[in-house]
Amino acid sequence: MPQTEIWQRSATALAAAFRAGTLRPSEALAAILARIEATNPAVNAFAQLDTDGARHAAAEADARFAAGTPRGAFDGIPVSIKDNITVAGLRCAWGSEMYRDFVPEADETPVARLRAQGAVILGKTNVSEFTLGRGNVHTSLFGTTRNPWNPALTPGASTGGGAAAVSSGMGPVTLGTDGGGSIRRPAAHCGLLGLKPTTGRVARRNGLPTILHDAEVIGPIARTVDDLAMTLSAIQGPLDEDRASLFFDAAEGEPVALEGLRILYVPRFGNWTVEEPVAESCARAARNLQALGHHVEEGVLPADLSIFEEYWPKIGAAGLAWLLRGRDWKGRIGEIYEEMVRQGQELTASDYQDALTGFREIYAQFARFFRDYDLMMTPSAGAMPWKAEEFGPPYHRAFTGIVNVAGLPGISIPADPSPDGLPIGFQLVAPFGADWRLVAMARQYEAAHPWAQRWPGLGVA
């Protein structure tokens with residue numbers, strides 16, 4: 001089989017081939033490494049490749065399949081990891097000069113769970129500095145990451161490297177983090193699925209310091225719903241060291257059927273701009289959901305946006321100031337982050353407590369909303385991708401951060417592309433804990449309006 005077909009296979013298709021004995025993990029890895037060599041120079045998705053480690057892991061998977069003793073669903077599957085999620089023995093630079101030499105000794109929990117299933121870790125993907133980007137991945141340490149659909153443009157932030165990798169065939173799935181939209185927006189800009197799980201569904205230990213309270217979670221980006229579901233199943237579930245995770249069942253999966261869900265479509269938040277291609281594509285997606293038998297009505301955000309806009313910037317500023325306290329950071333971090341540190345240093349404990357109190361009110365408002373509705377639908381991003389070296393317009397991030405503040409699950413699903421062929425995504429948000437409802441909705445939408453056959457250029461056959 002030509003390598004140009006192997007690297008295009010989904011994780012679930014690779015897993016089936018491994019079990020059928022028609023393909024070995026080492027053969028799949030060789031095809032994906034060749035794809036990385038050919039494609040990564042154009043998009044700069046990786047901060048660090050672990051070629052030797054991946055080959056060793058693939059060879060071990062070969063032996064297990066030969067012996068009929070595969071470890072789990074991910075055995076032999078190549079996966080990339082965002083460079084703010086720790087992988088034992090690999091540098092975790094967080095996109096910053098401040099962490100250039102940090103090499104963790106332990107895997108963060110979701111990585112450990114994938115490794116326990118036999119996953120082949122390709123390496124670490126590029127991130128915005130401190131994962132507090134303004135819509136692009138452009139750092140002094142690793143340069144600029146680009147969108148495979150148009151390398152002049154951004155793939156989004158801060159999981160831009162992971163989204164660019166999966167979109168261009170450099171591995172079928174990636175793990176990212178989402179503290180304000182950092183999985184969902186890059187997924188939308190790169191034509192992929194991206195899930196921000198409920199706070200706590202994916203347990204976290206042995207990671208980097210927490211600078212966004214409990215807003216940042218780990219989740220998957222994938223091309224197909226099967227791959228997304230397989231990844232979520234592998235990484236979800238409780239860990240006694242993470243109290244927030246104890247509510248969740250590691251065996252939970254998709255509901256059997258979804259019929260006639262009540263969906264509120266919110267095409268705009270407040271006065272934030274939504275660019276025309278996004279608005280038109282998401283409106284079509286809303287009509288598509290209606291055609292699938294759901295009850296879709298248009299309305300306004302059921303939460304107080306002013307609370308979010310007042311307090312959300314303070315969390316990141318306070319967290320970054322805390323992270324860098326007592327350290328020589330001046331001149332060693334991006335200019336925008338220097339200003340964030342100064343702002344954070346001026347905040348008081350009362351300011352921080354005011355923010356947390358405001359966030360509890362937002363959660364309560366969403367809880368009341370979900371008594372009457374099953375889902376909320378919005379665009380995933382208010383803007384089309386812009387120049388890769390530039391920050392995005394403020395409205396690009398309008399739809400995602402408030403979901404993190406409320407701790408709710410959100411998913412970005414590919415919608416119809418723009419007239420010039422660039423990807424667009426729409427977001428579905430579910431009640432606390434209803435992550436698998438989102439996966440099931442994505443599966444239903446995928447069956448009616450498939451997108452996995454869409455590939456960017458970059459030498460795709």
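As a starting point, this report considers the structure included with it.

Reading the values: rules and limits
- Residues numbered from 1 in each chain as written.
- Predicted model: local features only at pLDDT ≥ 70, side-chain atom pairs only at ≥ 80, totals over all residues.
- Heavy atoms only, no water.
- Helix = DSSP H or I, 4+ residues; strand = E, 2+ residues; numbered from the N terminus.
- 1 Å grid on protein atoms, 1.4 Å probe; cavity = no way out; pocket = protein on both sides within 12 Å on 5 of 7 lines; lining within 4 Å.
- Points joined across faces, edges and corners; volume = space filled by probe spheres on them.
- Nonpolar A, V, L, I, M, F, W, Y, C, P; charged D, E, K, R; others polar.
- Buried < 20%, exposed > 50% of the residue type's maximum accessible area, 1.4 Å probe, protein only.
- Lys, Arg positive; Asp, Glu negative; His and termini not counted.
- Salt bridge = Lys/Arg side-chain N within 4 Å of Asp/Glu carboxyl O.
- Polar contact = N/O pair within 3.5 Å; in protein donor to acceptor, adjacent residues only side chain to side chain.
- Contact = heavy atoms within 4.5 Å.

## Overview of unusual backbone geometry
Here is step 1 of the chain: At the junction of Ala157 and Ser158, the peptide bond is cis and its omega measures out at 0° in the coordinates.
Here is step 2 of the chain: With respect to the helices and strands, the residue Ser158 is situated in the loop between strand S5 (143–144) and helix H6 (160–167).
Here is step 3 of the chain: One non-glycine residue, Asn206, adopts positive backbone phi at about 65°.
Here is step 4 of the chain: For Asn206, the position within the fold is in the loop between strand S7 (193–196) and strand S8 (217–222).

## Details of empty space enclosed by the protein
Here is step 1 of the chain: All chains considered together, the criterion is met by two cavities of 30 Å³ or more.
Here is step 2 of the chain: In this structure, the largest cavity occupies an estimated 50 Å³ of space.
Here is step 3 of the chain: If you go around the largest cavity, the residues you meet are Trp149, Gly191, Ala415, Pro417, Pro423, Trp451 and Arg454.
Here is step 4 of the chain: Counted by class, the lining of the largest cavity contains five nonpolar, one polar and one charged residues.
Here is step 5 of the chain: Taken as a whole, the second largest cavity spans an internal volume of roughly 40 Å³.
Here is step 6 of the chain: Taken together, Ala188, His189, Val278, Ala381, Ala383, Met384, Pro423, Ile424 and Gly425 form the lining of the second largest cavity.
Here is step 7 of the chain: In the lining of the second largest cavity, the residues fall into seven nonpolar, two polar and no charged.

## Observations regarding the side chain of Arg223
Here is step 1 of the chain: Within the secondary structure, Arg223 is located in the loop between S8 and helix H8 (225–235).
Here is step 2 of the chain: No salt bridge forms around the buried Arg223; measuring N to O, its nearest opposite-charge neighbour Asp227 is 7.5 Å away.
Here is step 3 of the chain: Among the polar contacts made by the side chain of Arg223, one reaches the main-chain carbonyl oxygen of Arg454 at a distance of 2.9 Å.
Here is step 4 of the chain: Aside from chain neighbours lying at most four places away, what touches Arg223 is Val166, Ser167, Pro172, Leu192, Leu193, Trp451, Ala452, Arg454 and Trp455.

## Brief notes about the pattern of salt bridges
When their charged atoms lie close together, side chains carrying opposite charge are able to pair.
Here is step 1 of the chain: Per the counting criterion, the structure on display carries 20 salt bridges.
Here is step 2 of the chain: For Glu27, the salt bridge goes to Arg24, with nearest N and O atoms at 3.6 Å.
Here is step 3 of the chain: In this structure, Arg115 and Asp107 form a salt bridge, with 2.7 Å as the shortest nitrogen-oxygen distance.
Here is step 4 of the chain: The partly exposed category is assigned to Arg115, whose relative accessible area is 34%.
Here is step 5 of the chain: Three or more residues are tied together by salt bridges with common partners; here these are Arg24, Glu27 and Asp62.

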